[in-house]
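Structural characterization, general
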Amino acid sequence: MTPVKIWLGYPYPLGATWLGSGVNFAIFSEMATSVDLCLFDNIDSPQENIRIPMTEQTDQVWHVFLPDVRPGQLYGYRVYGPYDPERGMRFNSSKLLIDPYAKAIVGQVNWADEMFGYVVGDANEDLARDFRDDAWGMPKAAVIDHAFDWGDDKRPAIPLHSSIIYEMHVKGFTRLCPDVPPELRGTYAGVGSAGAIKYLTNLGITAVELLPVHQHIDDKILVDRGLVNYWGYNTIGFFAPEAKYSSSGVMGEQVSEFKGMVRNLHAAGIEVILDVVYNHTAEGNHLGPTLSFRGVDNPAYYWLSPDNPRQYMDFTGTGNTFNLLHPRTLQLVMDSLRYWVNDMHVDGFRFDLASTLARDDKGVNKLHAFFEIIHQDPVLSQVKLIAEPWDVGEGGYQVGNFPVLWAEWNGKYRDEVRRFWKGDEGRIGEIAYRLTGSPDLYQHSGRRPYASINFVTAHDGFTLNDLVSYNEKHNEANGEENRDGDNTNNSWNCGAEGPTDDPEINALRARQRRNFLTTLFLSQGVPMLLAGDEWARTQNGNNNTYCQDNELNWLAWEHNDEQKELLTFTKKLIQLRREHPVFRRPKFFQGRRIRGTDIRDVMWFNPGGNEMTDEEWSSPFVRAIEVLLSGDTIDVLSFEGEPIRDETFLFLINAHFEPLPFVLPGEEHLEWLLMLDTAEEHGFLPEPQKFASGDDVEVIGRGMKLLKLATGAQARARHESWKKRQVQLPRDVMPGAAKPPPLPETDKEESPETK
């Protein structure tokens, strides 16, 4: 064994840090009695080649400096202390541990009973300590060199209200893409390749939201079934990019390749948002493996049951909850976030099960230290922060309740848009809220429409095609007898379960897809499109494809004529949104005359051309509405303080199952152009059709049309139709049903209409 120089080292920064003259190693453990640093010559070494006792400890951080070590060195830790699960202590020096601050992780877990800190199968379960060594089957951390040529990389810094997010999986997006070189498919370099970026820019999106790219573990139960944790919501390394997605190597090359992907996307004006999982780790419950955090300092990193520290609090459904109430664990999360922004140049984060991160012993707390630190941080407060605002614990559904600076995956938007187009009763008021940026959820706390991340589908659930093709989930391929996945999908198969040759059903499904996409991209808020929905990809009715690393999740790039039509339609919708600021306002509509003018920025009419009444808003049977958006408002200003003006648009929306005539609003002698009709195969009309105010325009059952004011002053369009007619309303009115977005309480008495 070659002697190694050992110096005292530094307690900061944590992790393994190449300083140009050697490597500093630092690891936190409050309860450990001693720590050994283990060095490996290569990934196949069954045992460490050198074991170095870390004798220096400063503020509960064990540290050492090795001047002879260089980037590429593989290492792990053995942490000593009591093995007493009933007191929450699970130290076991027989188990090699991954550095919680590892910047690169090499290898996969070679599953065997040795990977567990207890004797698997023993009658005492986790109380019986396992003394067998597991270094032969454990991943190793690798020292990296942080140097990278970023060139003139510049963040696109796209305002959130102008963002269009594309949710995608690194491997799934490029694995079959013919425009990506074969050797790069399924990798970071593939996403950053010219072919992939050309597709994204042609589509028109402004940001990719990548499913988890932190190093994760494939659960033993899945591996035993011949499956993997494809989505990656099973993190073991919060600083390490997943090595499986690297085409250039796994000894630190994955870090440089990830950076290259970000640099190339930025050069094309596309931001990178990471889906991050800080709510739990891959170590599971008290019967899970000992891989890293559990063996380093179990009571610090995990939220243990106060009454029984042997057990874990579980607000995530995964067996454990990361303990952000401990300052060192909170520090790790903040260090990780800053690392991905400062070193990896990402533009924002989507936080999985974000309610968990804000929990304390009283529940979800909006004043949690997690929020306070992020809000005060000069780096993190300036990037995009998106919450999945729920978890599985009591009181975990927090849509609308996150603080200012945060946007949210708006689950109510998803559910209401699905229910409305399915034809559920009593949804007209709810759909009005969702179309206008969900002011009922966000306006009261001073947030803006862009707090709402609007989505109809996401990785978790049906694809857009399956949403209109299946009433029930079909998850048999997952090996859990179809018990997994959500049972409440608000889906409708339009008359047949799965693929069908019935032309009427297929026509209805195609129209519903266009309805959903039109609603998504022309709603206020921030649209998020699931990759592949732009051409109606299918998962054969599987709404929980987390373990399917195959064609079920890989995007297929050979499209039939109908898929090509939908892709073209989606591109045009995105272009329309980007060209017209009235569809992406940074402020909520006021729904009344704006002070000092006669402008009403949004108006609601029934199909007869009359303004909607309270009785109509409350009726369970109303499924049709006209929505007028004024583009000549003066409340939205450019950076220079000039009003941002646009044209006036009119939606005709009919979620009834049969066609309805709509009377166009406005004074006499106005002309409207029909631009879009979801009943048409192409969606957008090759030549817009002209209609006069007062004309009857029929909208097919479950269809919508978009018109633009072509002739006449916009002010003259903001009136009930000069040829309005009465609409017969069913007398059975639902009491207490939702009404349209009201005036803010503070503004009502200022409105000339209420006076």
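Residues numbered from 1 in each chain as written. Predicted model: local features only at pLDDT ≥ 70, side-chain atom pairs only at ≥ 80, totals over all residues. Heavy atoms only, no water.

When its secondary structure is counted, the protein shows 17 helices and 31 strands. Its C-alpha atoms give the protein a radius of gyration of 28 Å, within 12% of the compact-globule value 27 Å for 755 residues. Taken over 755 residues, the protein has a buried fraction of 62%. Here the contacts in the protein between residues at least 6 apart in sequence split such that 73% fall between residues at least 24 apart. Surface exposure of the protein reaches about 28,200 Å², of which carbon and sulfur atoms provide 49%. Averaging the positions of the 74 positive and the 109 negative side-chain charges in the protein gives two centres separated by 3 Å. (Helix = DSSP H or I, 4+ residues; strand = E, 2+ residues; numbered from the N terminus. Rg over C-alpha atoms; globule rule 2.2 N^0.38 Å. Buried < 20%, exposed > 50% of the residue type's maximum accessible area, 1.4 Å probe, protein only. Contact = heavy atoms within 4.5 Å. Areas by Shrake-Rupley, 256 points an atom, 1.4 Å probe, with all protein chains shown as cover. Lys, Arg positive; Asp, Glu negative; His and termini not counted. Charge placed at Lys NZ, Arg CZ, Asp CG, Glu CD.)

We now examine the sheet that holds strand S29 (residues 684-692). Pairing in this open sheet of six strands is antiparallel, and the strands run S24-S25-S26-S31-S28-S29 from one edge to the other. Where the open sheet ends on each side, the last strands, each with one partner, are strand S24 (602-605) and S29. Pairs of neighbouring strands in the sheet enclose a mean axial angle of 25°, with direction left out of account. Where strand S25 (residues 624-629) and strand S26 (residues 649-654) come together, six bridges link them in antiparallel fashion. Paired with Val627 across the bridge in S26 is Phe651. Taken strand by strand, helix H14 (residues 503-522) contacts S26, strand S28 (671-677) and strand S31 (703-711), and its axis lies near 50° from that of S31. The sheet strands contacting helix H15 (residues 561-579) are S28, S29 and S31, and the helix crosses S29 at an angle near 55°. (Pairing = 2+ DSSP bridges. Axes fitted to C-alpha atoms, helices over the stretch in contact; angles between N-to-C directions.)

This paragraph deals with the pairing of strand S17 (residues 348-351). Burial of the side chains of S17 extends over both faces: Gly348 and Arg350 are buried on one face and Phe349 and Phe351 on the other. Here four bridges tie strand S16 (residues 271-276) to S17, and the two strands are oriented parallel to one another. Bridge pairing links Val276 to Phe351 in S17. Both S17 and strand S20 (residues 384-387) contribute to a ladder of four bridges, which runs parallel. Its bridge partner being in S20, Arg350 is matched across the sheet by Ile386.

Secondary-structure assignment places Ser693 in the loop between S29 and strand S30 (696-699). A residue is classified by how much of its surface remains accessible, and Ser693, at 3% relative accessible area, is buried. Sequence-distant contacts of Ser693, defined by excluding residues within four places in its chain, comprise Leu664, Pro665, Gly666, Glu667, Glu668, His669, Leu670, Trp672 and Trp722.

Our focus in this paragraph is the nonpolar core. Counting residues in each nonpolar core, the largest one holds 174 residues, and the members touching the most others are Phe25, Tyr166, Phe349, Phe351 and Phe370. Considering each element in turn, this core owes the most residues, eight residues, to helix H7 (residues 327-342). (Core = buried A, V, L, I, M, F, W, Y, C linked by side-chain atoms within 4.5 Å.)

Turning our eyes to something else, we now look at helix H6 (residues 293-301). Of all the nine residues making up H6, eight are buried; the element is thus mostly covered by neighbouring parts of the structure. Within H6 the residues assigned to the buried category are Phe293, Arg294, Gly295, Val296, Asp297, Asn298, Ala300 and Tyr301. Where the residues of H6 are buried, they touch strand S2 (23-28), strand S7 (74-80), strand S9 (89-90), strand S15 (235-241) and H7.

Okay, the environment of Asp133 next. Here Asp133 lies in the loop between strand S10 (105-106) and strand S11 (140-142). For Asp133, the side chain forms a polar contact with the side chain of Arg78, separated by 2.7 Å. (Polar contact = N/O pair within 3.5 Å; in protein donor to acceptor, adjacent residues only side chain to side chain.)

Quick look at the side chain of Gln563 now. Relative to the helices and strands, Gln563 is located in helix H15. By relative accessible area, Gln563 is classed as buried at 18%. Among the polar contacts made by the side chain of Gln563, one reaches the main-chain carbonyl oxygen of Trp535 at a distance of 3.4 Å.

Okay, the packing of aromatic side chains next. Here the structure, examined in full by the defined rule, presents 48 aromatic pairs. Where Phe402 meets Trp406, the ring centres are 5.8 Å apart and the plane angle is 50°; that geometry is what we call tilted. Each member of the pair Phe402 and Trp406 is classed as buried. The cationic tip of Lys103 hangs over the ring face of Phe239; the distance from NZ or CZ to the ring centre is 5.0 Å. (Phe/Tyr/Trp six-rings, centres within 6.5 Å; stacked < 30°, edge-to-face > 60°. Lys NZ or Arg CZ within 6 Å of the ring centre and 35° of its normal.)

Looking now at the pattern of salt bridges. Evaluation of the coordinates by the stated rule reveals 41 salt bridges. The closest approach of N and O atoms between Asp347 and Arg155, which form a salt bridge, is 3.9 Å. Taken together, the residues span a long stretch of sequence, with Asp347 in the loop between H7 and S17 and Arg155 in the loop between S11 and strand S12 (165-168) at a distance of 192 residues. Residue Asp347 is classed as buried on the basis of its relative accessible area of 5%. In this structure, Arg338 and Asp335 form a salt bridge, with 3.2 Å as the shortest nitrogen-oxygen distance. Of this pair, Arg338 and Asp335 both sit in helix H7, three residues apart, roughly one helical turn. Overlapping salt bridges bring together Asp36, Glu48, Arg51, Arg78 and Asp133 as one network. (Salt bridge = Lys/Arg side-chain N within 4 Å of Asp/Glu carboxyl O.)

Residues apart from glycine generally show negative phi values, whereas peptide bonds are mostly found in trans. The omega angle of the peptide bond from Tyr12 to Pro13 is 0°, so this bond is cis rather than trans. Positive phi values are uncommon outside glycine, yet Ala536 reaches one of about 65°. Along the polypeptide, Ala536 turns up in the loop between strand S23 (526-530) and H15. Of note in this structure, Arg702 is not a glycine but carries a positive phi near 50°. Turning to its location among the elements, Arg702 is positioned in the loop between S30 and S31. Owing to a relative accessible area of 12%, Arg702 belongs among the buried residues under this scheme.

On to H15, then. Over its 19 residues, H15 runs 27 Å from end to end, which matches the ideal 27 Å to within 8%, given 1.5 Å per residue. Within H15, the full set of buried residues consists of Gln563, Leu566, Leu567, Phe569, Thr570, Leu573, Ile574, Leu576 and Arg577. Looking at the buried residues of H15, the elements they touch are helix H3 (194-203), H14, S23, S28, S29 and S31. Of the residues flanking the start of H15, the one acting as N-cap is Asn560, its side-chain oxygen 3.1 Å from the backbone nitrogen of Glu562. (Expected span 1.5 Å × (residues − 1).)

Turning our attention to the pairing of S25. Most of S25 is tucked away, with six of its six residues classed as buried. Pairing of S24 with S25 involves four bridges; the strand directions are antiparallel. Residue Trp604 lies in a different strand from S25, and its bridge partner there is Val627.

Attention now goes to the sheet that holds strand S1 (residues 15-18). Taken in spatial order, the four strands make up an open sheet running S1-S2-S6-S5, and their pairing is antiparallel. One side of each edge strand has no neighbouring strand; the edge strands of this open sheet are S1 and strand S5 (56-58). Within this sheet the neighbouring strands show an average axis-to-axis angle of 25°, counted without direction. As judged from the three bridges shared by S5 and strand S6 (residues 61-66), these two strands associate in the antiparallel manner. Bridge pairing in S6 links Glu56 to His63.

The values are spatial; any link to function lies outside them.
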